Each structure stands twice: as structure tokens, then as C-alpha cells.
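# Structural characterization, general
Here is how the chains run, residue by residue.
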Amino acid sequence: GAGVSQSPRYKVAKRGQDVALRCDPISGHVSLFWYQQALGQGPEFLTYFQNEAQLDKSGLPSDRFFAERPEGSVSTLKIQRTQQEDSAVYLCASSRRTGYQETQYFGPGTRLLVL
Amino acid sequence: DQQVKQNSPSLSVQEGRISILNCDYTNSMFDYFLWYKKYPAEGPTFLISISSIKDKNEDGRFTVFLNKSAKHLSLHIVPSQPGDSAVYFCAAKGDSGAGSYQLTFGKGTKLSVIP
């Protein structure tokens, strides 16, 4: 079956622009996660949804970052007034349900470059 | 403060030999560990996992060993193949609270298998 898909794959933004990154999880997966991966680092947790409910947004770096999943399927990560330090790969992952032994399946990521 | 550490940024191994990738963790609340493999321009792909109630888990050419008292795990690949060349990430989860769904990653080890 189809895996997690993300769009766009690459995004170049001028500092101060708003961007929106889309994630299509695996069909039927209840849990959805966003991670940020800076160059040379491992992915770092941003936020977590169970269906349409955002249960944890503790990893979002600032109030310029906003995520939603209004119908419990597709999710959008929005970054307002982008800054150069926002340049990173943004990874989306989904899992069938919540549980500590549930495997998270990752999409290919969106590489964001802020000039 | 890195809770999951992969101290070797890179590793080169001859085709057919064993590859050993190491990972150390500091958070004693972690009790489920995963290895992900990442090719350039792709998202991390789940490889193998281990629960803290086990000290070994094997899947084909891949074996993960866990030494809970030393807070150390390792991934063994035998025999190594050129297609195994990728970045390998160690990740950890806890069994309760935010740790039960947030993956904490190391910085990765780039494995190069030389034909």
C-alpha cells in the first residue's frame, strides 16, 4: 500500500514568508507526528496528533509554528514569518495507533531553505 | 543534552564483513529501541526494534543487542552488502507519558560498505 507522502519535497522561501507543508499519512493510521531534522542531526519531535486532536505540541520551537489535522487524516504544518534558522528537513510520520511499541513510518520529508 | 548518542559519525566496512553500529542512551526511562535506515533524499525507514525485556532481536542479516545495565545497544549487519550503505539512526521511547510516543533520535552513523 501507499506510504506516507509529503509535499512539496523542496521549498525555498524568503525570510519573512509564510509556508505550508502537507502530510498524507498511511490510510487508517490514527497517530501522526511531525519532526524537524537539522543538517547533521537526528530528527527532533515537534508535535503529535491522535486523529484530529493535537495532544502534544511541546516540540514546536516558537509560536510561529502551527500544525493542524482537521479531519483526522491529512495534516499541515504552517510556519509564519520564516527565519533562516527554520531551514531544515520536516518529516512527517504516522502509526496505526498510539502505543509505545507502535512503529512510526516516515515520509520522504520536505526540505525547507529560508534565504 | 543528548539523551541518545551515536558516537561514530561514520563507519566503513568491506562487503561480506560484519558491520557493528553502536548507540548509548542516558535516560533510564527509555525501554523500547529502534533502528532506522535513511538513504539520501528519503525518509527514515524502520529496520528493527527491541524491547527492554529482551537482550537480542534478530531479523535476517540484522541483529540488535541491548545491554540495559550499560545503557548500550548495537546493530550488527552480517554479511554487509553495498546496498546497506546509508545513515543509520538509533531511536528510543519510554513506556509512559510523552516518552511513549515521542521518538528520541541519535545523530546517526553513516555506513559505507565497500565492494
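Here's a quick rundown of the structure. Model, not experiment: these values are computed from the prediction. (Residues numbered from 1 in each chain as written. Chains lettered and ligands numbered in written order. Predicted model: local features only at pLDDT ≥ 70, side-chain atom pairs only at ≥ 80, totals over all residues. Heavy atoms only, no water.)

### Digging into the overall build of chain B
Rules: Strands here are runs of E lasting at least two residues and helices are runs of H or I lasting at least four, both read from the DSSP assignment and numbered beginning at the N terminus. Burial here depends on accessible area, computed with a 1.4 Å probe over protein chains only, as a share of the maximum for the residue type. Under 20% is buried, over 50% is exposed, and the range in between is partly exposed. Contacts between residues were defined by any pair of non-hydrogen atoms, one from each residue, lying within 4.5 Å. Here the Shrake-Rupley method, with its probe set to 1.4 Å, supplies the accessible areas, and only the displayed protein chains count as covering residues. The charged-residue count follows a simple rule in which Lys and Arg add positive charge and Asp and Glu add negative charge, with His and chain termini not counted at all. Here the site of a charge means atom NZ of a Lys, CZ of an Arg, CG of an Asp or CD of a Glu.
Secondary structure assignment for chain B yields 0 helices and 11 strands. Starting at the N terminus and ending at the C terminus, chain B contains elements arranged as β-β-β-β-β-β-β-β-β-β-β. With the C-alpha coordinates aligned to their principal axes, the bounding extent of chain B is approximately 45 × 30 × 20 Å. When burial is assessed residue by residue, chain B has 46% of its 115 residues classed as buried. When contacts within chain B are restricted to residue pairs at least 6 apart in sequence, long-range pairs at least 24 apart make up 54% of them. About 5400 Å² of surface is accessible on chain B, with carbon and sulfur atoms providing 49% of the total. The average position of the 12 basic charges and that of the 10 acidic charges among the side chains of chain B differ by 3 Å.

### Topic: the sheet that holds strand S8 (residues 72–77) of chain B
All names here are of chain B. Going by this rule: Strand pairing is assigned whenever DSSP detects at least two bridges linking the two strands.
As summarised here, the arrangement of the 5 strands in space is S1-S3-S8-S7-S6, forming an open sheet in which the pairing is antiparallel. The open sheet has two edge strands, strand S1 (4–5) and strand S6 (56–59), and neither has a second partner. Bridge count for S1 against strand S3 (residues 19–25) is 2 bridges, and the pairing is antiparallel. Bridging from a neighbouring strand, Val-4 pairs with Tyr-25 of S3.

### Looking at the nonpolar core
To keep things clear, this is the line we draw: Throughout this description, the term nonpolar core refers to a set of buried Ala, Val, Leu, Ile, Met, Phe, Trp, Tyr and Cys residues connected via side-chain atoms within 4.5 Å.
The biggest cluster of nonpolar side chains holds 23 residues, and the ones touching the most others in it are Phe-33, Trp-35, Leu-73, Leu-75 and Tyr-88 of chain B. When contributions to this core are tallied by element, the ones reaching two or more residues are S3, strand S4 (30–38), strand S5 (45–51), strand S7 (62–67), S8, strand S9 (86–94) and strand S11 (109–114) of chain B. When residues in this core are grouped by element, the largest group, 4 residues, is from S9 of chain B. Grouped together as the second largest cluster of nonpolar side chains are 20 residues, Ile-26, Ala-67, Tyr-90 and Leu-112 of chain A included.

### Remarks on the interface of chain A and chain B
Operational definition: Computed with a 1.4 Å rolling probe, the buried area is the accessible surface lost when two parts are put together, summed over both parts. By definition, a salt bridge exists where a carboxyl oxygen of Asp or Glu is found within 4 Å of a side-chain nitrogen of Lys or Arg. Pairs of N or O atoms within 3.5 Å make up the polar contacts considered here, provided that, within protein, one atom can donate a hydrogen while the other can accept it, and that residues adjacent in sequence are counted only when both atoms are side-chain atoms. Charged means Asp, Glu, Lys or Arg here, nonpolar means Ala, Val, Leu, Ile, Met, Phe, Trp, Tyr, Cys or Pro, and polar covers whatever is left, Gly included.
Contacts between the two partners involve 23 residues from chain A and, on the opposite side, 22 residues from chain B. Between chain A and chain B lies a buried interface of about 1800 Å² when both sides are counted; carbon and sulfur atoms form 55% of it. At the boundary of chain A with chain B, the tally comes to 0 salt bridges. At the junction of chain A with chain B, the criterion picks out 7 residue pairs in polar contact (both at pLDDT 80 or more). Where the side of chain A that touches chain B is concerned, the elements lending two or more residues are strand S4 (31–37) and strand S5 (44–50) of chain A. When residues in the side of chain A that touches chain B are grouped by element, the largest group, 3 residues, is from S4 of chain A. Here the side of chain A that touches chain B is composed, by residue class, of 10 nonpolar, 10 polar and 3 charged.

### Looking at the environment of Arg-81 of chain A
All names here are of chain A. With respect to the helices and strands, the residue Arg-81 is situated in the loop between strand S8 (75–79) and strand S9 (88–95). For Arg-81, a relative accessible area of 41% corresponds to the partly exposed category. On a C-alpha basis, the gap between Arg-81 and Asp-56 in space is 23 Å, while along the polypeptide they are 25 residues apart. The contact partners of Arg-81, leaving out residues within four places of it in the chain, are Gly-16, Gln-17, Asp-18, Asp-63 and Arg-64.

### Describing the layout of surface pockets
To keep things clear, this is the line we draw: Here a cavity is any set of points on a 1 Å grid over the protein atoms alone where a 1.4 Å probe fits but cannot get out, and a pocket is any open set with protein on both sides within 12 Å along at least 5 of 7 lines; a residue lines the site when it has an atom within 4 Å of a point. Grid points are joined across faces, edges and corners, and a volume is the space filled by probe spheres set on the points.
The space that makes up the largest pocket amounts to roughly 540 Å³. If you go around the largest pocket, you meet 26 residues; those closest to its centre are Gln-37, Leu-39, Gly-40 and Arg-111 of chain A together with Lys-38 of chain B. Of all the secondary-structure elements, those providing two or more residues to the lining of the largest pocket are S9 and strand S11 (110–114) of chain A together with S9 and S11 of chain B. A per-element tally of the lining of the largest pocket places S11 of chain B first, with 4 residues. Among the residues making up the lining of the largest pocket, the classes are represented as 14 nonpolar, 8 polar and 4 charged. Put simply, the second largest pocket is a space of about 310 Å³. If you go around the second largest pocket, you meet 16 residues; those closest to its centre are Pro-43, Glu-44 and Phe-45 of chain A together with Thr-104 and Phe-105 of chain B. Counting only elements with at least two residues in the lining of the second largest pocket, the list comes to S5 of chain A together with strand S10 (104–105) of chain B.

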